[in-house]
Each structure stands twice: as C-alpha cells, then as structure tokens.
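Structural overview
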Amino acid sequence: GGSGGEMAFGVKVGGDGSVYVCGGTDGTGFATTIGAYDITPNGGHDAFVIKLSADATTLLASTLWGTSASDEAFFLQLDNFGDVYIYGQCTGTFTPEPTGVFSQPGGTYVAKFSPGLDALEIQTTFGADMVPVAFLVDVCRNIYFSGYSVGGTPPVSSNALYQSGGFYLAVFAPNMTALNYGTYYIGASHVDGGTSRFDPNGIVYQAVCTNGGFPTTPGAWSNV
C-alpha cells in the first residue's frame, strides 16, 4: 500500500502459480514496477493490478489504471494466454482502445493487460452504470458481465429475455469486438456480495435478492 487507503477486491492464480490481485488505491507511493503500463497516480481512486510470485515474496509486476476521477477494479480474470482483465466502476472519461472495440459511454469499464502488466491491450466502457457483481472470461475468451442498480444505456439484444429491469447481464465477443448477448432481468433488486458466479463453459449462475415480481419457471420448487 501507499500513503492513502487500499482495497483489494479480486484475486486469481496464474498458470505458473503467480498470484494476481486487483483493487483500488487513493494515495501516493503505491508500489509499481519498472516497465509497468502506468506507474503514476492519476487522481481520485486509481485501480491497481499486482502480480506476486507463488510464495508472495516477490512483487513481479504492478500497475495502476484510471482517470483523473475515481476508479476501482472489483473483479479480475485471466484468459488461456495469461492476459489479465479487470472489471469495475469508472467516474472519469478515457479514450476507448483499440480502434474497433465496442464502446458506449458509461461508468462500468473493462481493461485488459498483457501477462506482465506492461501493456494495455483493451480499455472501454459499455454503456452501463451499475454495481458489478460477476465477471468471467471463458475458455473461448468471451467476456461476461453482470450488475445491479442498472442505469445508463447498456446494450440489449433483440432476443433479450427482458428489455428493462434492475439487473443486467451481457456477453461480448473476445477482445470486446461485438455484443453477443445482452439482457435486463426483472424483479432482482440487488446482490449480496460473492453470491453470483459464471461457469467457464458458458453457463450463468446468479443468486439475487428480490422485492417481488421475480420470474420463475413452471415446476419450480417455489413460484411465490
């Protein structure tokens, strides 16, 4: 940590046993490494990603990411090539990269880094203002997001389950080049932390809190 406060939200173990952690920092002096993508605080809260050796004795790589406003990284994922993805909230603005990436203005972002955290490969927002609750990069490198308290204009597919609601789920093509599927979900008001998961093979599991009007299927254990 540095001179301010740090929060660690996401952790993954790489194929070589190294440990990646993401979160947020709001001070100066946060430890970064030579050659990392961003070693200078940007203002407000910055997102961070660090890579530790398997026994946590060595800081192998550490980078910041963010705008001049407040930004946090709530979830971290690794793909089959070791690339590092973070998903979180962003209150500032930045230029989507690279050209051709799916982008809509909003406060929910994804960024992708090289395994050594020395290069930024993707950064974009996708139209949603929401609280992130689940994130996945699957075995085919499709990218899954979900969240609640949905605002903004997140993209919705023509075959979506619901065109409006308080919960949102989306799947994007590898490298965020296109929307594969996007839907709202009705009757879900929020999520208690840590209860939603995505299956690496593409099956979605969500556990949510509801205040009524939640849709159920015929023959379910309880329809009320």
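Below you will find a few notes about this structure.

1. So, the nonpolar core
For soluble globular proteins, the rule of thumb is that nonpolar side chains tend to be buried together. Ranked by size, the top nonpolar core spans 19 residues in total, and within it F126, M130, F135, I143, F145, F172 and M176 carry the most contacts. Residue assignment for this core shows that the elements contributing at least two residues are β6 (84–90), β9 (128–137), β10 (143–152) and β11 (167–172). The element that contributes the greatest number of residues to this core is β9, accounting for four residues. The contact partners of M130, leaving out residues within four places of it in the chain, are Y87, Q89, T108, S146, G147, Y148, S149, V150 and Y168. W65, L78, A111 and L120 belong to the second largest nonpolar core, which has 17 residues in total.

2. Comments concerning the sheet that holds strand β4 (residues 59–65)
Within the open sheet, the four strands sit side by side as β1-β2-β3-β4. Their pairing is antiparallel. The open sheet has two free edges, formed respectively by β1 (6–13) and β4, since each of these has just one partner strand. For this sheet, the mean inter-axis angle between neighbouring strands, taken without regard to orientation, is 20 degrees. Two strands pair when backbone bridges link them, and β1 and strand β2 (residues 19–25) are joined in this way by seven bridges, in the antiparallel orientation. Paired with K12 across the bridge in β2 is Y20.

3. Some points on the state of the cysteines
Summed over all chains, the structure comprises zero disulfides. Here C22 is not cross-linked by a disulfide; its sulfur's nearest cysteine counterpart is in C90, at 15 Å.

4. Quick look at the environment of G127
Take G127: it is sitting in the loop between β8 (120–125) and β9. Taking C-alpha positions, G127 is 6.8 Å from P155, a pair spaced 28 residues apart along the chain.

5. What about unusual backbone geometry?
Of note, the bond from E97 into P98 is cis; its omega dihedral lies within 30 degrees of zero at -10 degrees. With respect to the secondary-structure elements, P98 resides in the loop between β6 and β7 (108–113). The backbone of L117 sits at a positive phi, close to 60 degrees, despite the residue not being glycine. Here L117 shows up in the loop between β7 and β8. With a phi close to 70 degrees, R141 is a non-glycine residue in the positive phi region. Here R141 shows up in the loop between β9 and β10. Residue classification places R141 among the partly exposed positions, given a relative accessible area of 24%.

Each value, and the rule that gives it
- Residues numbered from 1 in each chain as written.
- Predicted model: local features only at pLDDT ≥ 70, side-chain atom pairs only at ≥ 80, totals over all residues.
- Heavy atoms only, no water.
- Core = buried A, V, L, I, M, F, W, Y, C linked by side-chain atoms within 4.5 Å.
- Buried < 20%, exposed > 50% of the residue type's maximum accessible area, 1.4 Å probe, protein only.
- Helix = DSSP H or I, 4+ residues; strand = E, 2+ residues; numbered from the N terminus.
- Contact = heavy atoms within 4.5 Å.
- Pairing = 2+ DSSP bridges.
- Axes fitted to C-alpha atoms, helices over the stretch in contact; angles between N-to-C directions.
- Disulfide = S-S within 2.5 Å.

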